[in-house]
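Read off the chains here:
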Amino acid sequence: MSLRQQALNGGKWTAISTLSIVLLQMAQIAVISRFLDAKAFGLMGMIMIIVGFAQSFTDMGISSAIIQRKETTRNELSSLYWLNIATGLVAGFVVWMTKEPIAFFYKSPELADLLVWSSFLFPIIASGQQFQVLLQKELRFKVISQLSILSMLAGTVISISAAYFGMGVFALVLGQLSTSAVNSILLITLSWKKWKPQMHFRRSDLKGYLSFGMFQMGDRTVTYFNNNLDKIIIGRFLGAEALGYYSIAFNLIIIPLIRINPIVNRVAFPIFSKIQDNREQMKKGYMKVINTLSLVNLPLYFGLIATAPLFIPIMFGAQWGPSILITQILCGVGILRSIANPVGSLVMATGKVGRGFLYNSFKTVLQIPVIIFGAYAGGVIGVAVAFLSLKSVYFITNYLVMLKTMLGPCFIDLLRSLREPLYASVIMCIGVYLSGLVTTDYLSAGIALAIQILTGIAVYAVTILVYSPDLLHKIKGKLGNSRIKEGA
């Protein structure tokens, strides 16, 4: 199978996995939001900030180094595996020991006990992480996708059951633990025979991996911090309830970034690593990545802006009304982040993790005073507006500091790759908004929302084909080729 066919096959299976996981996540949030209040979701938001921050240390950036390296030995993998296990245990222990100061920082005493249970996530994830990385390096995305769906299904069932039986916010923690445990068990069961780590550890085996990984770890840590600084500030200064309303909105806009973007990014990273010496080929590939992601992400965000007043009360309940305006503002953040997000694949593939770390450190320093000002000036809405303003500035600096240095001058190419999805999404958003004006006063909320969604799909499909009439022919050609291959 050619590299292109492997990439397409990987994208297909990652897409299937992503769609399944998104549906399960939405079902989980929709059901649990009926049992839990905003404060419970705010507490979980605080937990996930700490867990995500600590998780950036457990891998030490080594996963990316394994994929970026063309050759890895059995001894190197064994040493890296036991290092990963050790850092997972240390991270869990640190979270456990700092639970009281963290609870004090957030002014939420009940957070301490929840962090004790959450600390078990780190060794659980570390035990299976390397096996997933090796599957990814071999482009075996079908297997990864199937395991991800099964583990997410198990976590969803357990968390909903726990919420139903009155376990409160612990239901969300239990769902996270269950999903991670099932995923690691499945990865170990499937891959242990082929990649069983030896009882071997030498510092010399880590040479090269740690230098790459430390910059990558620092970059991830700083990136995670500046992407979650809004929630840290809301939790500290505005409280758990405010963070709960913000978290519902943030969870909606983050889904494309953590579920849809990886469909392409997970495949793009190993592909870019193989062509890292050909700048022109990388530039063409990167613009295709941006165009592909934008064709999916932009209509989702613009559609959510138009449908949020109906979608959120129907999906989560009328008590979540304060999340509507927050969601609409954060959709702008989602649009800009979804465009900037794929640059990480280029940074890792070209090994320029040091530059990425310095750039993200600069963004963090800039972000702190701006978001704090937004919190004091306008509460949760002020934070959302401040975050959107920052992302607008980052759109330009991301090109100047990162893209231009790796791909050469390509700003016009970037705008061209965004042109068709952006035009079609704006027109779709206007159409959905107008259909809402006509239907909302005369129909039930559910039917009106359904009409808005169908209108959006129809308008977007027609508009994108008017702007890009060759797109339909390309799709038909790919379908025809796949049928021929299946027949053969």
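Below: a short report on this structure. Just so it is clear, the model here is predicted, and its values are computed rather than measured.

1. Details of the nonpolar core
- Formed by 108 residues in total, the largest nonpolar core has its most connected members in L111, Y246, Y286, L330 and L403.
- Ranked by residues supplied to this core, first place goes to helix α12 (residues 279–316) with 16 residues.
- Listed in part, the 14 residues of the second largest apolar core include A126, L134, F141 and W195.

2. Some points on the packing of aromatic side chains
- Inspection of the entire model under this criterion finds 16 aromatic pairs.
- Ring-pair connections join several aromatic residues into one group, and the members of that group are Y81, W82, F131 and W192.
- Seen from the ring of F250, K231 lies directly overhead, with NZ or CZ sitting 3.4 Å from the centre.
- In this arrangement the basic side chain of K363 is found over the ring face of Y394, its NZ or CZ atom lying 5.0 Å from the centre.

3. Structural notes on empty space enclosed by the protein
- Scanning the model with the defined rule gives three cavities of 30 Å³ or more in all.
- Volume-wise, the second largest cavity comes out at about 60 Å³.
- What lines the second largest cavity is simply Y286, I339, A340, Y394, F395, N398, Y399, L403 and L414.
- Breaking the lining of the second largest cavity down by element, the ones donating at least two residues are α13 (323–340) and α15 (353–407).

4. A few points about the packing of α12 against α13
- Two elements in contact, α12 and α13, have axes separated by 9 Å at closest approach and are oriented at 180°. Compared by their axis directions, α12 and α13 come out roughly antiparallel. Here Y286, I290, N297, L298, Y301, F302, L304, I305, A308, P309, I312 and P313 of α12 come into contact with α13, specifically with S323, I324, T327, Q328, C331, G334, I335, S338 and I339.
- Tallied by class, the residues present in the contact of α12 with α13 amount to 15 nonpolar, six polar and no charged.

5. Some points on the environment of I314
- Turning to its location among the elements, I314 is positioned in helix α12.
- Classification of I314 by relative accessible area gives partly exposed; the value is 33%.
- Counting along the chain gives 284 residues from I314 to A30, while the straight-line C-alpha distance between them is 9.1 Å.
- Beyond its immediate stretch of four places on either side in the chain, I314 contacts R34, A445, G446 and L449.

6. Quick word on the environment of I50
- Tracing the sequence through the fold places I50 in helix α2 (residues 38–58).
- Using a relative accessible area of 17% as the deciding quantity, one classes I50 as buried.
- The contacts of I50, once residues within four sequence positions are left out, are V95, I102, Y106 and L115.

7. Let's talk about helix α8 (residues 141–164)
- Its 24 residues place the ends of α8 34 Å apart at the C-alpha level, agreeing with the 34 Å of an ideal helix rising 1.5 Å per residue.
- Positive backbone phi, approximately 80°, marks G166, located one or two places after α8.

8. Comments concerning the side chain of T327
- Its place among the elements puts T327 in helix α13.
- Polar side-chain contacts of T327 include one of 2.7 Å to the backbone oxygen of S323.
- Discounting chain neighbours no more than four positions away, the residues touching T327 are A249, L252, I253, L304 and I312.

9. Some remarks on the pattern of salt bridges
- Summed over all chains, the structure comprises four salt bridges.
- Across the pair K39 and E110 runs a salt bridge whose closest N-O atoms are separated by 3.1 Å. With a gap of 71 residues between them, K39 in helix α2 and E110 in the loop between α5 (99–106) and α6 (111–118) connect regions that are remote in the sequence.
- D230 serves as the salt-bridge partner of K231, at 3.6 Å between the closest nitrogen and oxygen. By the burial criterion, K231 is buried, and D230 matches it.
- Each of E280, K283 and D413 takes part in salt bridges that share partners, so that together they form one network.

10. Re the environment of G166
- Position of G166 relative to the elements: it lies in the loop between α8 and α9 (170–195).
- In this structure G166 comes out as exposed when scored by relative accessible area, which is 61%.
- Placed 131 residues apart in sequence, G166 and F35 show a C-alpha to C-alpha distance of 7.9 Å.

The rules behind each value
Residues numbered from 1 in each chain as written. Predicted model: local features only at pLDDT ≥ 70, side-chain atom pairs only at ≥ 80, totals over all residues. Heavy atoms only, no water. Core = buried A, V, L, I, M, F, W, Y, C linked by side-chain atoms within 4.5 Å. Buried < 20%, exposed > 50% of the residue type's maximum accessible area, 1.4 Å probe, protein only. Helix = DSSP H or I, 4+ residues; strand = E, 2+ residues; numbered from the N terminus. Phe/Tyr/Trp six-rings, centres within 6.5 Å; stacked < 30°, edge-to-face > 60°. Lys NZ or Arg CZ within 6 Å of the ring centre and 35° of its normal. 1 Å grid on protein atoms, 1.4 Å probe; cavity = no way out; pocket = protein on both sides within 12 Å on 5 of 7 lines; lining within 4 Å. Points joined across faces, edges and corners; volume = space filled by probe spheres on them. Axes fitted to C-alpha atoms, helices over the stretch in contact; angles between N-to-C directions. Parallel < 35°, antiparallel > 145°, perpendicular 65-115°, else oblique. Contact = heavy atoms within 4.5 Å. Nonpolar A, V, L, I, M, F, W, Y, C, P; charged D, E, K, R; others polar. Expected span 1.5 Å × (residues − 1). Polar contact = N/O pair within 3.5 Å; in protein donor to acceptor, adjacent residues only side chain to side chain. Salt bridge = Lys/Arg side-chain N within 4 Å of Asp/Glu carboxyl O.

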